[in-house]
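# Architecture and fold: a report
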Amino acid sequence: TFSLPGDVEILAAIGARVIYGNERAFRDALHVLRDTGYGIDLICYGAPWNGAVHEYFAPWCRSLIRLPLCEYPIKGYILKCVLEFVPRYVACNFVLVRWLLDRKRLRKPTLILCGDDVFLTLNIVARLFNIPVVYRCGALPATQNMLRRLGFSIAKRVVTRFVVDSEFIRNALIELGVSKN
């Protein structure tokens, strides 16, 4: 079991563009946390086409923090990908640092709840601030390219707790090297 102190601040991070089963399960997790009395802020991409996602999650969170879209380059010209990705990555982390400094000033313990879609974006700042990360894994981790495999190998070492939706996902994670606890 995994218990949280009563006054913890939760930053739920989701990189969804559309609402499918994974997003519904994420919302169910937010529902349970909110009904337990935790304050939840949601961080997600603020792209114009993401309005439906914002509306879907808004009732379950205290506030919505919009990030610049920070998609990881999968293919394409490497220089173009780097020139677009790096400024967005820095901007995303700047938003996160501002939120965390505000919480540190209030001296509230903080926890980040995220999935593989935003883990790499938040990982460095979470480690700098020594914040526990709960990695919600609603599907098999994306390992289709080198960057995604690197991200998941980092996650295996630094994530505080993996939360899964099914025994199938749990067994797949164990096969990928995640500890059983």
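Here the structure is shown first, and the text comes after it.
Only a predicted model underlies this, so the values are computations on that prediction, with no experimental measurement involved.

Using the criterion set out here, one finds three aromatic pairs in the structure. Here the aromatic rings of tyrosine 135 and phenylalanine 152 are separated by 6.3 Å at their centres, their planes lie at 70°, and the arrangement is edge-to-face. Of this pair, tyrosine 135 sits in strand S5 (residues 133–137) while phenylalanine 152 sits in helix H5 (residues 146–158), placing them 17 residues apart in sequence. Phenylalanine 152 carries the same exposure label as tyrosine 135, and that label is buried.

All right, on to the pattern of salt bridges then. For the coordinates displayed, the defined rule picks out two salt bridges. Taking the shortest distance from any N to any O, the salt bridge between aspartate 41 and arginine 62 comes out at 3.0 Å. Residue aspartate 41 is found in strand S2 (residues 39–45), and its partner arginine 62 is found in the loop between helix H2 (51–57) and strand S3 (63–67); the two are separated by 21 residues along the sequence. A relative accessible area of 46% means that arginine 62 is categorised as partly exposed.

The N-to-C vectors of helix H4 (residues 119–128) and H5 enclose an angle of 40°; their axes lie 10 Å apart at closest approach. The pairing of H4 with H5 is recorded here as oblique in orientation. Relative to H5, H4 is oriented so that their crossing is left-handed. The segment H4 lies against H5, with Phe119, Leu120, Asn123 and Arg127 engaging Leu147, Gly151, Ile154, Ala155 and Val158. Classifying every residue of the contact of H4 with H5 by side-chain character gives six nonpolar, two polar and one charged.

Moving on: the nonpolar core. Looking at soluble globular proteins, one finds that nonpolar side chains tend to be buried together. In terms of nonpolar packing, the biggest core is built from 31 residues, with Ile112, Cys114, Phe119, Tyr135 and Phe162 touching the most fellow members. Those elements that place two or more of their residues in this core are strand S1 (9–14), S3, helix H3 (78–105), strand S4 (110–114), H4, S5, H5 and helix H6 (167–175). Among all residues touching phenylalanine 162, those that are not within four sequence positions of it are Tyr135, Phe152, Ala155, Lys156, Leu173 and Val178. Ranked by size, the runner-up nonpolar core spans 19 residues in total, among them Leu33, Val53, Cys61 and Leu113.

Each value, and the rule that gives it
Residues numbered from 1 in each chain as written. Predicted model: local features only at pLDDT ≥ 70, side-chain atom pairs only at ≥ 80, totals over all residues. Heavy atoms only, no water. Phe/Tyr/Trp six-rings, centres within 6.5 Å; stacked < 30°, edge-to-face > 60°. Helix = DSSP H or I, 4+ residues; strand = E, 2+ residues; numbered from the N terminus. Buried < 20%, exposed > 50% of the residue type's maximum accessible area, 1.4 Å probe, protein only. Salt bridge = Lys/Arg side-chain N within 4 Å of Asp/Glu carboxyl O. Axes fitted to C-alpha atoms, helices over the stretch in contact; angles between N-to-C directions. Parallel < 35°, antiparallel > 145°, perpendicular 65-115°, else oblique. Left-handed = near helix turned anticlockwise from the far one by under 90°. Contact = heavy atoms within 4.5 Å. Nonpolar A, V, L, I, M, F, W, Y, C, P; charged D, E, K, R; others polar. Core = buried A, V, L, I, M, F, W, Y, C linked by side-chain atoms within 4.5 Å.

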